[in-house]
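The residues making up each chain are set out below.
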Amino acid sequence: MRYVLPVVAVLTLAVASAPLVTPIDVVGDSRRVVVLAEAVMRGRALPGWRGGPLPYVWGGGHAPRPGPSRGTCLGYRGKVHPCPAEDTVGLDCSGLVRWIYHLAYGDDVLGGGTTNDHIRRFRRVVPEAARPGDIVFYGEKRTRTHHAGIYMGDGRMINALRTGTTVRLDEVTVLDDLIGYYRLKDDR
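Predicted model, so just to flag it, every value in this text is computed and none were measured.

1. Structural notes on the overall build of the chain
Okay, so step 1: Secondary structure summary: the chain contains four helices and eight strands in total.
Okay, so step 2: Each helix (α) and strand (β) of the chain, taken in turn from the N terminus, gives the series α-α-β-β-α-α-β-β-β-β-β-β.
Okay, so step 3: Here the chain holds 188 residues, and 52% of them are scored as buried.
Okay, so step 4: Put simply, 57% of the contacts in the chain that link residues at least 6 apart link residues at least 24 apart.
Okay, so step 5: Surface summary for the chain: the accessible area is close to 9,200 Å², and the carbon and sulfur share equals 55%.

Structure representation (structure tokens):
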């Protein structure tokens, strides 16, 4: 079974709290992803987070269980020095996608790893077919990615961009190397 009942309570809280950023023309799994991404962006309390703005953290969200975690300074090349990751709880871009999909699907469907690991679990969709809840990936090509966000429609995504920012809504053009829009392989 793919779904876990507690997600219903989380969705009810998130939906009752505020209107969605994007008109919902999606159903099922995608709707859950969108509602949860919106709740995270707005700083709502969710399983694993007590609420408030959620900071970007290099390596955050890659603990054994999905969700905000302390990051790592290993491989850090950010502009904020010294590296704050080991003293901050938050998410990096793939940690954000992993946590939201975990909450929406009731299972760690993406597992640990980086955007390179995550993109393998998705299939590409043409931009005209992209729908809220899909993932946008950035990089040189499918095997060399460096960033991901959750597409919300109308050219926008929920994004954990870089050190010094919080999870927020950005245009998909915030980075200039968009690879494309992707959907879990078993979603229609």
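Moving on from the coordinates now.
2. Details of the nonpolar core
Okay, so step 1: Counting 34 residues, the largest nonpolar core has Tyr101 and Ile150 as its most contacted members.
Okay, so step 2: Of all the elements in the fold, those that place two or more residues in this core are α2 (28–41), α3 (93–105), β4 (135–141), β5 (144–153) and β8 (178–184).
Okay, so step 3: A total of eight residues in this core trace back to one element, the largest contributor, which is α3.
Okay, so step 4: Those residues in contact with Tyr101 that sit more than four places away from it in its chain are Val33, Gly106, Asp107, Val109, Leu110, Phe122, Gly133, Asp134, Ile135 and Leu184.

3. Quick word on the sheet that holds β4
Okay, so step 1: The six strands are arranged β3-β8-β4-β5-β6-β7 in an open sheet whose pairing can be described as antiparallel. A strand with exactly one partner marks an edge of an open sheet, and here the two such strands are β3 (122–125) and β7 (168–171). On average, each strand axis in the sheet is tilted by 45 degrees relative to the strand beside it, whichever way the strands run.
Okay, so step 2: Strand direction decides the pairing type here: β5 and strand β6 (residues 156–159), joined by three bridges, are antiparallel. Considered in β6, the bridge of Gly153 is made with Arg156.

4. Points about the pairing of β5
Okay, so step 1: Within β5, eight of the ten residues are buried, which leaves it mostly tucked inside the rest of the structure.
Okay, so step 2: Pairing analysis gives six bridges linking β4 to β5, with the strands arranged antiparallel. From the neighbouring strand, Gly139 faces β5, where its bridge partner is Thr145.
Okay, so step 3: Count of turn residues in the β4/β5 antiparallel hairpin: two residues.
Okay, so step 4: Counting the residues in the hairpin turn of β5 and β6 gives two residues, including Asp154, whose phi is positive at 55 degrees.

5. A few points about the side chain of Thr145
Okay, so step 1: Following the sequence through the fold, Thr145 ends up in strand β5.
Okay, so step 2: Among the polar contacts listed, one links the side chain of Thr145 to the side chain of Thr115, at a separation of 2.6 Å.
Okay, so step 3: Here the side chain of Thr145 touches Asn116 through a polar contact of 2.6 Å, side chain to side chain.
Okay, so step 4: Beyond its immediate sequence surroundings of up to four residues, Thr145 is in contact with Thr115, Asn116, Ile119, Tyr138, Gly139 and Ile179.

Analysis parameters
Residues numbered from 1 in each chain as written. Predicted model: local features only at pLDDT ≥ 70, side-chain atom pairs only at ≥ 80, totals over all residues. Heavy atoms only, no water. Helix = DSSP H or I, 4+ residues; strand = E, 2+ residues; numbered from the N terminus. Buried < 20%, exposed > 50% of the residue type's maximum accessible area, 1.4 Å probe, protein only. Contact = heavy atoms within 4.5 Å. Areas by Shrake-Rupley, 256 points an atom, 1.4 Å probe, with all protein chains shown as cover. Core = buried A, V, L, I, M, F, W, Y, C linked by side-chain atoms within 4.5 Å. Pairing = 2+ DSSP bridges. Axes fitted to C-alpha atoms, helices over the stretch in contact; angles between N-to-C directions. Polar contact = N/O pair within 3.5 Å; in protein donor to acceptor, adjacent residues only side chain to side chain.

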